[in-house]
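Given next are the chains, with one letter for each unit.
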Amino acid sequence: MLKIGVLALQGDFEAHARALARAGADPVMVRAGKNLDGLDALVLPGGESTTIAKGMERLGLFEAVRTFAEAGHPILGTCAGAILLARRVENHPVSSLGLLDMTAVRNAYGTQVDSFVAPADPGAKAGLEGLPCVFIRAPRLRDLGREVDVLVRVGGEPVLVRRGERFAATFHPELGEDPRVLRLWIETVRRSASAARSRERANPLSEPA
Ligand code: GLN
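First things first, this report covers the structure right here in the doc. It should be emphasised that the depicted structure is a prediction, and the values quoted were computed from it without experimental measurement. (Residues numbered from 1 in each chain as written. Predicted model: local features only at pLDDT ≥ 70, side-chain atom pairs only at ≥ 80, totals over all residues. Heavy atoms only, no water.)

1. Considering the side chain of Arg106
Assignment of secondary structure puts Arg106 in the loop between β6 (100-105) and β7 (115-119). On the basis of relative accessibility, which here comes to 5%, the residue Arg106 falls in the buried class. At 3.2 Å, the side chain of Arg106 and the side chain of Thr50 are in polar contact. If near-sequence neighbours (up to four positions away) are discounted, Arg106 is found in contact with Glu48, Ser49, Thr50, Ile83, Val89, Glu90, Asn91, His92, Val94 and Pro139. (Helix = DSSP H or I, 4+ residues; strand = E, 2+ residues; numbered from the N terminus. Buried < 20%, exposed > 50% of the residue type's maximum accessible area, 1.4 Å probe, protein only. Polar contact = N/O pair within 3.5 Å; in protein donor to acceptor, adjacent residues only side chain to side chain. Contact = heavy atoms within 4.5 Å.)

2. Some details on the layout of surface pockets
If you add up the space inside the second largest pocket, you get close to 190 Å³. For the lining of the second largest pocket, the per-class residue count stands at five nonpolar, six polar and four charged. (1 Å grid on protein atoms, 1.4 Å probe; cavity = no way out; pocket = protein on both sides within 12 Å on 5 of 7 lines; lining within 4 Å. Points joined across faces, edges and corners; volume = space filled by probe spheres on them. Nonpolar A, V, L, I, M, F, W, Y, C, P; charged D, E, K, R; others polar.)

3. Comments concerning unusual backbone geometry
The backbone of Asn91 sits at a positive phi, close to 70 degrees, despite the residue not being glycine. Along the chain, Asn91 falls in the loop between β5 (86-90) and β6. The phi angle at Asn107 is positive, at roughly 45 degrees, despite the residue not being glycine. Mapped onto the secondary structure, Asn107 falls in the loop between β6 and β7. On the accessibility criterion, Asn107 (36% relative accessible area) is partly exposed.

4. Comments concerning the site of the ligand
Every residue near the ligand is listed here: Gly46, Gly47, Glu48, Ser49, Cys79, Ala80, Ile83, Arg106, Asn107, Ile136, Arg137 and His172. Between the ligand and Arg106 there is a distance of 2.8 Å, counted from an oxygen atom to a side-chain nitrogen or oxygen. Taking His172, its side chain carries an N or O atom lying 3.0 Å from a nitrogen atom of the ligand. Burial of the ligand by the surrounding chains reaches 97%, relative to a free accessible area of 300 Å². (Near = heavy atom within 4 Å. Areas by Shrake-Rupley, 256 points an atom, 1.4 Å probe, with all protein chains shown as cover.)

5. Observations concerning the nonpolar core
Within the largest apolar cluster, 35 residues are counted, with the highest numbers of intra-cluster contacts made by Ile4, Phe135, Val152, Leu160, Phe171 and Trp185. Per-element tally for this core: the top contributor is helix α5 (residues 180-202), with seven residues. Dropping the residues within four chain positions of it, Trp185 is found in contact with Ile4, Ala41, Leu42, Val43, Pro74, Ile75, Leu76, Glu165 and Phe167. Ranked by size, the runner-up nonpolar core spans 34 residues in total, among them Ala82, Ala86, Leu100 and Val148. (Core = buried A, V, L, I, M, F, W, Y, C linked by side-chain atoms within 4.5 Å.)

6. A word on the pairing of strand β12 (residues 166-169)
One ladder, built from four bridges, connects strand β4 (residues 75-78) with β12; its direction is parallel. Bridge pairing in β12 places Leu76 opposite Phe167. Direction of pairing for strand β11 (residues 157-163) relative to β12: antiparallel, over a ladder of four bridges. Bridge pairing links Val161 to Ala168 in β12. Counting the residues between successive antiparallel strands, the hairpin from β11 to β12 contains two residues, one of them, Gly164, with a positive phi of roughly 60 degrees. (Pairing = 2+ DSSP bridges.)

7. Describing helix α1 (residues 13-22)
Taken residue by residue, α1 has Phe13, Ala15, His16, Ala17, Ala19 and Leu20 as its buried positions. At its buried positions, α1 is contacted by β1 (3-7), β2 (26-30), β3 (41-44), β4 and α5. Just downstream of α1, Gly24 is the residue with a positive phi angle, here 100 degrees.

8. Section: the environment of Leu128
Among the structural elements, Leu128 can be located in the loop between β7 and β8 (132-136). Residue classification places Leu128 among the buried residues on the basis of a relative accessible area of 0%. Between the C-alpha atoms of Leu128 and Thr51, which are 77 residues apart in sequence, the distance is 31 Å. Leaving out residues up to four positions away in the same chain, Leu128 has contacts with Ala120, Val152, Leu160, Arg180, Val181 and Leu184.

Below, the structure is given as C-alpha coordinates:
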(Lines give C-alpha, C1' and ligand atoms only; values in the text may rest on other atoms or scores of the structure.)
Protein backbone atom coordinates (compact mmCIF):
# COMPACT_ATOMS: atom_id res chain seq x y z
CA MET A 1 0.00 0.00 0.00
CA LEU A 2 1.24 3.52 -0.76
CA LYS A 3 2.38 5.42 2.31
CA ILE A 4 1.33 9.04 2.00
CA GLY A 5 2.39 11.62 4.58
CA VAL A 6 0.01 14.34 5.74
CA LEU A 7 1.64 17.38 7.33
CA ALA A 8 -0.13 17.43 10.69
CA LEU A 9 0.81 20.72 12.37
CA GLN A 10 -2.49 22.59 12.01
CA GLY A 11 -5.58 22.58 9.79
CA ASP A 12 -7.68 19.80 8.31
CA PHE A 13 -5.06 17.05 8.23
CA GLU A 14 -7.49 14.53 9.74
CA ALA A 15 -9.98 15.00 6.90
CA HIS A 16 -7.12 14.43 4.45
CA ALA A 17 -6.00 11.28 6.23
CA ARG A 18 -9.56 9.91 6.12
CA ALA A 19 -9.97 10.79 2.43
CA LEU A 20 -6.61 9.16 1.55
CA ALA A 21 -7.56 6.01 3.46
CA ARG A 22 -10.92 5.92 1.61
CA ALA A 23 -9.03 6.26 -1.68
CA GLY A 24 -6.91 3.22 -0.80
CA ALA A 25 -3.66 4.72 0.56
CA ASP A 26 -2.02 4.42 3.97
CA PRO A 27 -1.87 7.93 5.53
CA VAL A 28 1.00 8.79 7.91
CA MET A 29 0.98 11.93 10.08
CA VAL A 30 4.11 14.06 9.58
CA ARG A 31 5.28 16.27 12.44
CA ALA A 32 9.06 16.05 12.00
CA GLY A 33 11.53 15.63 9.15
CA LYS A 34 12.28 12.04 10.17
CA ASN A 35 8.60 11.11 9.61
CA LEU A 36 9.25 11.56 5.86
CA ASP A 37 11.55 8.54 5.74
CA GLY A 38 10.06 5.76 3.63
CA LEU A 39 7.04 7.79 2.47
CA ASP A 40 5.94 7.74 -1.17
CA ALA A 41 4.40 11.23 -1.20
CA LEU A 42 3.24 14.13 0.98
CA VAL A 43 0.07 16.22 1.36
CA LEU A 44 0.17 19.78 2.71
CA PRO A 45 -3.39 20.33 3.96
CA GLY A 46 -5.57 23.42 4.27
CA GLY A 47 -5.60 25.50 7.41
CA GLU A 48 -3.86 28.75 8.30
CA SER A 49 -0.69 29.13 6.25
CA THR A 50 0.87 31.59 8.75
CA THR A 51 0.57 29.07 11.58
CA ILE A 52 1.67 26.12 9.45
CA ALA A 53 4.69 28.04 8.09
CA LYS A 54 5.78 29.04 11.61
CA GLY A 55 5.56 25.42 12.76
CA MET A 56 7.52 24.24 9.73
CA GLU A 57 10.23 26.81 10.41
CA ARG A 58 10.50 25.78 14.05
CA LEU A 59 10.77 22.08 13.16
CA GLY A 60 13.20 22.45 10.24
CA LEU A 61 10.50 21.16 7.91
CA PHE A 62 11.08 23.66 5.08
CA GLU A 63 14.45 22.07 4.40
CA ALA A 64 13.19 18.50 4.89
CA VAL A 65 10.11 18.90 2.66
CA ARG A 66 12.14 20.63 -0.07
CA THR A 67 14.66 17.79 -0.07
CA PHE A 68 11.81 15.23 -0.15
CA ALA A 69 10.15 16.94 -3.15
CA GLU A 70 13.42 17.53 -4.98
CA ALA A 71 14.13 13.79 -4.71
CA GLY A 72 11.09 13.36 -7.00
CA HIS A 73 8.41 12.50 -4.44
CA PRO A 74 4.93 13.74 -5.35
CA ILE A 75 3.48 16.52 -3.27
CA LEU A 76 -0.08 17.89 -3.13
CA GLY A 77 -0.91 21.23 -1.48
CA THR A 78 -4.52 22.20 -0.86
CA CYS A 79 -5.56 25.77 -0.01
CA ALA A 80 -3.05 26.81 2.71
CA GLY A 81 -0.91 23.95 1.36
CA ALA A 82 -1.07 25.49 -2.14
CA ILE A 83 0.12 28.79 -0.65
CA LEU A 84 3.05 26.97 0.96
CA LEU A 85 4.02 25.40 -2.39
CA ALA A 86 4.03 28.72 -4.27
CA ARG A 87 7.20 30.54 -5.22
CA ARG A 88 5.61 33.93 -4.39
CA VAL A 89 2.92 34.82 -1.81
CA GLU A 90 0.95 38.09 -1.72
CA ASN A 91 -1.44 39.69 0.77
CA HIS A 92 0.25 38.99 4.12
CA PRO A 93 3.09 36.92 2.66
CA VAL A 94 4.32 33.82 4.48
CA SER A 95 7.51 31.84 4.02
CA SER A 96 6.90 29.25 1.35
CA LEU A 97 8.63 26.25 -0.21
CA GLY A 98 8.83 27.72 -3.72
CA LEU A 99 8.19 24.33 -5.34
CA LEU A 100 5.69 25.61 -7.94
CA ASP A 101 6.31 28.63 -10.15
CA MET A 102 3.24 30.73 -9.32
CA THR A 103 2.01 33.54 -7.09
CA ALA A 104 -0.60 32.73 -4.41
CA VAL A 105 -2.73 35.67 -3.31
CA ARG A 106 -4.12 34.83 0.11
CA ASN A 107 -7.79 35.29 1.01
CA ALA A 108 -8.37 36.64 -2.47
CA TYR A 109 -12.14 36.08 -2.60
CA GLY A 110 -12.74 38.58 0.22
CA THR A 111 -14.75 38.19 3.39
CA GLN A 112 -18.21 38.48 1.77
CA VAL A 113 -17.90 35.20 -0.11
CA ASP A 114 -15.24 33.50 1.92
CA SER A 115 -16.69 29.99 1.60
CA PHE A 116 -18.58 28.55 -1.34
CA VAL A 117 -18.98 25.50 -3.56
CA ALA A 118 -18.75 25.90 -7.33
CA PRO A 119 -18.46 23.51 -10.27
CA ALA A 120 -15.43 23.33 -12.55
CA ASP A 121 -15.71 25.47 -15.69
CA PRO A 122 -16.31 23.46 -18.89
CA GLY A 123 -13.06 22.16 -20.34
CA ALA A 124 -11.54 20.70 -17.15
CA LYS A 125 -8.76 18.24 -17.97
CA ALA A 126 -7.91 14.75 -16.70
CA GLY A 127 -11.52 13.56 -16.39
CA LEU A 128 -12.44 16.29 -13.94
CA GLU A 129 -15.41 17.74 -15.85
CA GLY A 130 -18.11 19.14 -13.57
CA LEU A 131 -15.98 18.68 -10.43
CA PRO A 132 -17.66 20.34 -7.41
CA CYS A 133 -15.02 22.49 -5.66
CA VAL A 134 -15.27 23.54 -1.99
CA PHE A 135 -13.55 26.89 -1.31
CA ILE A 136 -12.81 28.14 2.22
CA ARG A 137 -11.05 31.53 2.42
CA ALA A 138 -9.22 30.43 -0.67
CA PRO A 139 -6.24 31.99 -2.38
CA ARG A 140 -6.09 32.83 -6.08
CA LEU A 141 -3.18 31.66 -8.23
CA ARG A 142 -1.51 34.11 -10.61
CA ASP A 143 1.54 34.43 -12.82
CA LEU A 144 1.80 30.70 -13.45
CA GLY A 145 5.09 29.59 -14.98
CA ARG A 146 4.88 28.18 -18.50
CA GLU A 147 5.43 24.63 -17.27
CA VAL A 148 2.55 24.77 -14.78
CA ASP A 149 -0.50 23.09 -16.33
CA VAL A 150 -4.02 24.21 -15.36
CA LEU A 151 -6.30 21.18 -14.91
CA VAL A 152 -9.38 22.94 -13.53
CA ARG A 153 -10.68 26.51 -13.60
CA VAL A 154 -13.63 27.98 -11.73
CA GLY A 155 -14.94 31.36 -12.90
CA GLY A 156 -11.94 31.54 -15.22
CA GLU A 157 -9.44 31.26 -12.32
CA PRO A 158 -6.96 28.38 -12.12
CA VAL A 159 -7.95 26.28 -9.08
CA LEU A 160 -6.12 22.99 -9.74
CA VAL A 161 -2.65 23.10 -11.26
CA ARG A 162 0.18 20.67 -11.66
CA ARG A 163 3.75 20.50 -12.71
CA GLY A 164 4.78 16.87 -12.98
CA GLU A 165 4.21 15.24 -9.60
CA ARG A 166 3.50 18.55 -7.84
CA PHE A 167 -0.19 19.46 -7.58
CA ALA A 168 -1.84 22.50 -5.98
CA ALA A 169 -5.57 23.01 -5.38
CA THR A 170 -7.04 26.24 -4.02
CA PHE A 171 -10.12 24.24 -2.97
CA HIS A 172 -10.56 21.21 -0.67
CA PRO A 173 -10.68 17.90 -2.58
CA GLU A 174 -10.67 16.02 0.75
CA LEU A 175 -14.10 17.48 1.62
CA GLY A 176 -17.29 16.47 -0.13
CA GLU A 177 -18.09 13.31 -2.00
CA ASP A 178 -16.09 13.55 -5.21
CA PRO A 179 -12.92 11.40 -5.00
CA ARG A 180 -11.58 12.22 -8.49
CA VAL A 181 -8.80 14.67 -7.57
CA LEU A 182 -7.35 12.44 -4.86
CA ARG A 183 -7.63 9.39 -7.12
CA LEU A 184 -5.82 11.20 -9.93
CA TRP A 185 -3.04 12.28 -7.60
CA ILE A 186 -2.73 8.85 -5.96
CA GLU A 187 -2.40 7.36 -9.46
CA THR A 188 0.52 9.80 -10.00
CA VAL A 189 2.03 8.65 -6.69
CA ARG A 190 1.64 5.00 -7.70
CA ARG A 191 3.47 5.59 -10.99
CA SER A 192 6.25 7.55 -9.31
CA ALA A 193 6.70 4.92 -6.57
CA SER A 194 6.90 2.04 -9.04
CA ALA A 195 9.42 3.95 -11.21
CA ALA A 196 11.54 4.54 -8.08
CA ARG A 197 11.34 0.83 -7.17
CA SER A 198 12.43 -0.33 -10.60
CA ARG A 199 15.37 2.14 -10.50
CA GLU A 200 16.38 0.59 -7.17
CA ARG A 201 16.12 -2.93 -8.59
CA ALA A 202 18.24 -1.95 -11.61
CA ASN A 203 20.90 -0.41 -9.39
CA PRO A 204 20.53 -1.56 -5.79
CA LEU A 205 23.62 0.31 -4.55
CA SER A 206 22.52 3.72 -5.78
CA GLU A 207 21.06 6.37 -3.53
CA PRO A 208 17.28 6.65 -3.74
CA ALA A 209 16.46 9.11 -6.54
N1 GLN B 1 -6.88 31.64 4.21
C2 GLN B 1 -5.96 30.61 4.60
C3 GLN B 1 -4.52 31.11 4.48
O4 GLN B 1 -4.28 32.10 3.86
C5 GLN B 1 -6.14 29.36 3.76
C6 GLN B 1 -7.52 28.78 3.99
C7 GLN B 1 -7.63 27.29 3.83
O8 GLN B 1 -6.65 26.55 3.84
N9 GLN B 1 -8.84 26.81 3.78
O10 GLN B 1 -3.65 30.52 5.02
